[in-house]
Amino acid sequence: MQSDQILISVIIPIYNQELYLEDAIQSVLSQDHGFVELILVNDGSTDKSSEICYKYIEQYNHIRYYEQTNRGVSAARNRGLEEVLGSYVFF
């Protein structure tokens, strides 16, 4: 997806959220009007969160996924902010 097509960037920081992650992703996808990118930042999860993310990034070209060692939610949000293409950012 090109940056001139993206209006909204949604960043989801992830740490061991396998029970809730699909609901969060589906919630963003249901709001998609074609101008939204979803940035998933895995902050060192030890559960199956990464497997869930990989499932979605294979299906949707407007979802991007990043992994980092556990540094906390603020560091995960900041990592996502480094990657945004949209004019507006939501967490």
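Cut-offs used in this document
- Residues numbered from 1 in each chain as written.
- Predicted model: local features only at pLDDT ≥ 70, side-chain atom pairs only at ≥ 80, totals over all residues.
- Heavy atoms only, no water.
- Helix = DSSP H or I, 4+ residues; strand = E, 2+ residues; numbered from the N terminus.
- Rg over C-alpha atoms; globule rule 2.2 N^0.38 Å.
- Contact = heavy atoms within 4.5 Å.
- Areas by Shrake-Rupley, 256 points an atom, 1.4 Å probe, with all protein chains shown as cover.
- Lys, Arg positive; Asp, Glu negative; His and termini not counted.
- Charge placed at Lys NZ, Arg CZ, Asp CG, Glu CD.
- Buried < 20%, exposed > 50% of the residue type's maximum accessible area, 1.4 Å probe, protein only.
- Axes fitted to C-alpha atoms, helices over the stretch in contact; angles between N-to-C directions.
- Parallel < 35°, antiparallel > 145°, perpendicular 65-115°, else oblique.
- Left-handed = near helix turned anticlockwise from the far one by under 90°.
- Nonpolar A, V, L, I, M, F, W, Y, C, P; charged D, E, K, R; others polar.
- Phe/Tyr/Trp six-rings, centres within 6.5 Å; stacked < 30°, edge-to-face > 60°.
- Arc of directions from axis to C-beta.

Asks: Where do I start with the overall build of the protein in this structure?
Replies: Counting its secondary structure elements, the protein contains 3 helices and 4 strands. Going residue by residue from the N terminus, the α and β elements of the protein occur as β-α-β-α-β-α-β. Scaling as 2.2 N^0.38, a compact globule of 91 residues should have a C-alpha radius of gyration of about 12 Å, and the protein matches this with 12 Å. For the C-alpha atoms alone, the extent of the protein along its principal axes is close to 35 × 25 × 20 Å. For the protein, contacts bridging at least 24 residues in sequence account for 78% of all contacts bridging at least 6. Surface exposure of the protein reaches about 5400 Å², of which carbon and sulfur atoms provide 48%. Separation between the mean location of the 6 positive side-chain charges and that of the 13 negative ones in the protein comes to 4 Å.

Asks: Just to check I follow, could you spell out the environment of Gly72 for this structure?
Replies: Considering the arrangement of structural elements, one finds Gly72 in the loop between β3 (63-68) and α3 (73-83). Judged by its relative accessible area of 23%, Gly72 is partly exposed. Separated by 55 residues in the primary sequence, Gly72 and Gln17 place their C-alpha atoms 14 Å from one another.

Asks: How should I be thinking about the packing of helix α1 (residues 21-31) against helix α2 (residues 49-59) in this particular structure?
Replies: A pair of packed helices is characterised by two quantities: the angle between their axes and the separation of those axes. At a closest axis distance of 10 Å, the pairing of α1 and α2 adopts a crossing angle of 25°. Judged on the interaxial angle alone, α2 and α1 are roughly parallel. Crossing angle aside, the handedness with which α1 passes α2 is right-handed. Listed contacts from α2 to Leu21, Glu22, Ile25, Gln26 and Leu29 of α1 are Ser49, Ile52, Cys53, Lys55 and Tyr56. The class makeup of the residues in the contact of α1 with α2 is 6 nonpolar, 2 polar and 2 charged.

Asks: Explanation requested: the packing of aromatic side chains in the structure shown.
Replies: When we look at a pair of aromatic rings, we describe it by the centre distance and by the angle of the planes. Under the criterion given, the structure shown has 2 aromatic pairs. Aromatic side chains Tyr54 and Tyr65 sit 5.1 Å apart centroid to centroid with 70° between the ring planes, which places their arrangement in the edge-to-face category. Pair noted here: Tyr54 is in helix α2 and Tyr65 is in strand β3, with a separation of 11 residues, a long-range link. Ring geometry for Tyr56 versus Tyr60: centroids 6.2 Å apart, planes at 15°, classification stacked.

Asks: Just to check I follow, could you spell out α1 for this structure?
Replies: For an α-helix, the turn length of 3.6 residues means that residues three or four places apart are oriented alike. Buried within α1 are the following residues: Leu21, Ile25, Val28 and Leu29. Looking straight down α1, one finds its buried side chains confined to an arc of 100°; they lie on one side. Facing away from the buried side of α1 by more than 90 degrees, the exposed set consists of Asp23, Ser30 and Gln31. Elements in contact with the buried residues of α1: β1 (8-14), β2 (36-43), α2 and β3.

Nothing here speaks to function; it is geometry throughout.
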